[in-house]
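Residues per chain, in single letters:
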Amino acid sequence: MSETLKPNEPYRVLARKYRPVDFSALIGQEAMVRTLANAFESGRIPQAWMLTGVRGVGKTTTARILARALNYRSVTINTPTIDLAIEGEECRAIIEGRHVDVVEMDAASNTGIEDIKQIIDGVRYAPLTARYKVYIIDEVHMISEKAFNALLKTLEEPPPHAKFIFATTEIRKVPVTILSRCQRFDLRRVDSAVLAKHLAMICRAENVTATPEALSMIARAGDGSVRDSLSILDQAIAHGSGTVDAHAVRDMLGLADRARIIDLFEHLVSGDIAGALDEFGEQYKSGATPSAMLADLASFTHIVTRIRVAQNAADDTSLGEEERMRGRSFAAKLAVPVLSRIWQMLLKGIAEVDAASRPFEAAEMVLIRIAHAAHLPSFEDALKAVSDGSADAGLPRTLQTKATPQLSPASATATPAPVMLAPAMAAPVMAAPRMVSSTSAAPLPEQQLAPRIEPAKPAIQLNSLTDIIKLADQNRDIQFKVLIKQYVRPVSFGEGRIEVALGAGAPKTLYNDISRRLEMWTGQRWLIIPSNEEGQATLSETEAGTKRANENEAMEDPAIAAIMKRFPGTKIIGITLRGNEVPVAEDVPETTPDEAENDD
């Protein structure tokens, strides 16, 4: 059921014309409708509801239907109900938004405490004609903090005849004190397949010819929002002069042909860079935007990945026939790590294209990176191949082993060829030399057969923060030294690893800064491990504690105590500890307070 267009009434957009007026026409929110039905049947009706969800899923519409259900009255029914098939006495006024007992307020333009006070003052009075006085507050998160506080008491203990219905797209901005007094409903995004069927029904009612592919494209572009989808459909009807087809929708939205997107995907995963750039250029000339094409590629990558991990995903009715068939084919060939890598590169590429001054060139660079990486193995596969000794199959040349030639008398002194590794892999592995038959040549000296191995450099040991401070002093990095002393709490030191905790206010990059500087200063990698433990005191705290202890010890000295007493306001500004070469305190003549006064 939806609002009907009266004769001679001006044209209304589809989102208003087909706005649901009862729960049966509300699509995609079956769980909420079932909960409300049970509450109405059992008489457990709360005093307030909080409706949340993305724009266009039906929050305000649900609030109006709920107000109608609360005040439903007909010849045979005089109780709240969700069965609104027959229009009741109060229904028409509520549907048209002119009922005196149903107050609808937009919090975006009525944010102050004075606006809320009007509600508080009016809620005391009984409704004029309806069963309940219903207050619908849209975009409730826009209300000020003082206005929320003023509403708390009324919301917790409203009069029996008052009900509140709140709607918001920003549920996190609503105070928890308000949320705890409301029954919350999270309205879901409407599934693309359900949206496409809804759009097809509206097209039939409007006598508009629309292809299923075009409606699927509109439903996907609506991103779960019924209002957004109806707005796009309205535009597509005008664009196609009463006919909605895929080509017109594609031109209107700047989308690429779905089949050609799949062709582009095939070029990329096969490593055909030239073919991918040609296909991308042709689609760009046809009107598709670079960002939209990358987004479509990401969408198809997601489809293939879903089919790979759950084959029944190919039965999704919102997918086109070509997407299902070719998606199954790609899912059988491509591993999940490869698809995940393409997904990550596309996500990063979309952000680059959106921020670039030349989107077309930026998108081409993204495609080149993806196609170039098509034949690269995943990191796990590369490690496994190297460890198994069968790295030649399917690996790039930088990961393949060079064949060791047979040693002959002429070439027996040749140095064995090492296994070549990518720079990011582990240290080079020396290939074992082949043994030489005694019948073909004389035995070679042992030193000629053994590979040359450089002696390992002794590792630098760091046993405390003081060692790191010494390195900072040697390299004159005063700023880093201050950060170490102020924020780092040591937990444990080991060979090549340091476990630390950071104090409050430490820079977020300090872990990486420590690792990078130690590697630069020592020539070896250091693993800096964040710890959940509190750790020891920082060097600054230790120094401050030592200073306080020295000051307290100094204050206990009789001579210093006498001076402090004789000269009120005197402060100890520094303490210098004597070394062994300086005479101890007993060798220094004592100075009495009177002598100190005379010296002054």
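Residues numbered from 1 in each chain as written. Predicted model: local features only at pLDDT ≥ 70, side-chain atom pairs only at ≥ 80, totals over all residues. Heavy atoms only, no water.

Topic: the nonpolar core
The biggest cluster of nonpolar side chains holds 36 residues, and the ones touching the most others in it are Phe-265, Leu-294, Leu-297 and Phe-330. Looking at this core, the elements with two or more residues in it are helix H12 (258-269), helix H13 (273-285), helix H14 (290-309), helix H15 (321-333), helix H16 (336-355) and helix H17 (359-372). Among residues more than four places away in sequence, those in contact with Leu-297 are Ile-261, Leu-264, Phe-265, Leu-268, Leu-346 and Leu-367. Formed by 28 residues, the second largest nonpolar core is a distinct cluster that contains Tyr-132, Ile-136, Ile-165 and Leu-187. (Core = buried A, V, L, I, M, F, W, Y, C linked by side-chain atoms within 4.5 Å. Buried < 20%, exposed > 50% of the residue type's maximum accessible area, 1.4 Å probe, protein only. Helix = DSSP H or I, 4+ residues; strand = E, 2+ residues; numbered from the N terminus. Contact = heavy atoms within 4.5 Å.)

Brief notes about the sheet that holds strand S1 (residues 48-52)
Pairing is parallel in the open sheet, where 5 strands are placed in the order S2-S3-S4-S1-S5. Two strands lie at the open edges of the sheet, namely strand S2 (102-106) and strand S5 (183-186), each paired on one side alone. Averaged over all pairs of adjacent strands, the angle between strand axes in this sheet comes to 15°, irrespective of strand direction. Across 5 bridges, the pairing between S2 and strand S3 (residues 133-138) is parallel. Each bridged residue has a counterpart across the sheet, and for Asp-106 the counterpart in S3 is Asp-138. Packing against the sheet, helix H6 (residues 145-156) makes contact with S1 and strand S4 (162-168), and its axis sits at approximately 130° to S4. (Pairing = 2+ DSSP bridges. Axes fitted to C-alpha atoms, helices over the stretch in contact; angles between N-to-C directions.)

Examining the pattern of salt bridges
A complete count under the given rule lists 21 salt bridges for this structure. Among the ionic pairs, Arg-92 bridges to Glu-96, the shortest N-O distance being 3.6 Å. Taking the relative accessible area as the measure of exposure, Arg-92 reaches 31% and is therefore partly exposed. Here the residues in one salt-bridge network are Glu-87, Arg-92, Glu-96 and Arg-98, joined through shared partners. (Salt bridge = Lys/Arg side-chain N within 4 Å of Asp/Glu carboxyl O.)

Considerations on the environment of Ala-276
Within the secondary structure, Ala-276 is located in helix H13. Judged by relative accessible area, which is 1%, Ala-276 ranks as buried. Sequence separation between Ala-276 and Phe-265 is 11 residues; the distance between their C-alpha atoms is 8.0 Å.

Notes on the side chain of Arg-489
Examined against the element boundaries, Arg-489 turns out to sit in strand S8 (residues 488-494). A residue is classified by how much of its surface remains accessible, and Arg-489, at 17% relative accessible area, is buried. Only 2.7 Å separates the side chain of Arg-489 from the side chain of Glu-541, close enough to count as a polar contact. Beyond its immediate sequence surroundings of up to four residues, Arg-489 is in contact with Val-500, Ala-501, Gly-503, Glu-534, Gly-535, Gln-536, Ala-537, Thr-538 and Glu-541. (Polar contact = N/O pair within 3.5 Å; in protein donor to acceptor, adjacent residues only side chain to side chain.)

Quick word on H12
For H12, built from 12 residues, the straight-helix expectation of 16 Å at 1.5 Å per residue is met to within 8% by its first-to-last C-alpha distance of 17 Å. Burial in H12 covers these residues: Arg-258, Ala-259, Ile-261, Ile-262, Leu-264, Phe-265, Leu-268 and Val-269. Gly-271 sits one or two residues past H12 and shows a positive phi near 80°. (Expected span 1.5 Å × (residues − 1).)

Concerning the packing of helix H20 (residues 465-474) against helix H22 (residues 510-522)
Remark: H20 packs on H22, axes separated minimally by 11 Å, with the N-to-C direction vectors making an angle of 65°. Relative to H22, the element H20 is oriented roughly perpendicular. In this structure, H20 crosses over H22, and the sense of that crossing is left-handed. For the pair H20 and H22, contact is made by Ile-468, Leu-471 and Ala-472 and by Leu-518, Trp-521 and Thr-522, respectively. Here the residues of the contact of H20 with H22 are counted per class, giving 5 nonpolar, 1 polar and no charged. (Parallel < 35°, antiparallel > 145°, perpendicular 65-115°, else oblique. Left-handed = near helix turned anticlockwise from the far one by under 90°. Nonpolar A, V, L, I, M, F, W, Y, C, P; charged D, E, K, R; others polar.)

With respect to the sheet that holds strand S9 (residues 497-502)
Strands sit in the order S8-S9-S10 across an open sheet of 3 strands; the sheet is mixed. For this open sheet the edge positions go to S8 and strand S10 (527-530), each flanked by a neighbour on one side alone. Here the average twist between neighbouring strands, direction ignored, is 25°. Pairing between S8 and S9: 6 bridges, direction antiparallel.

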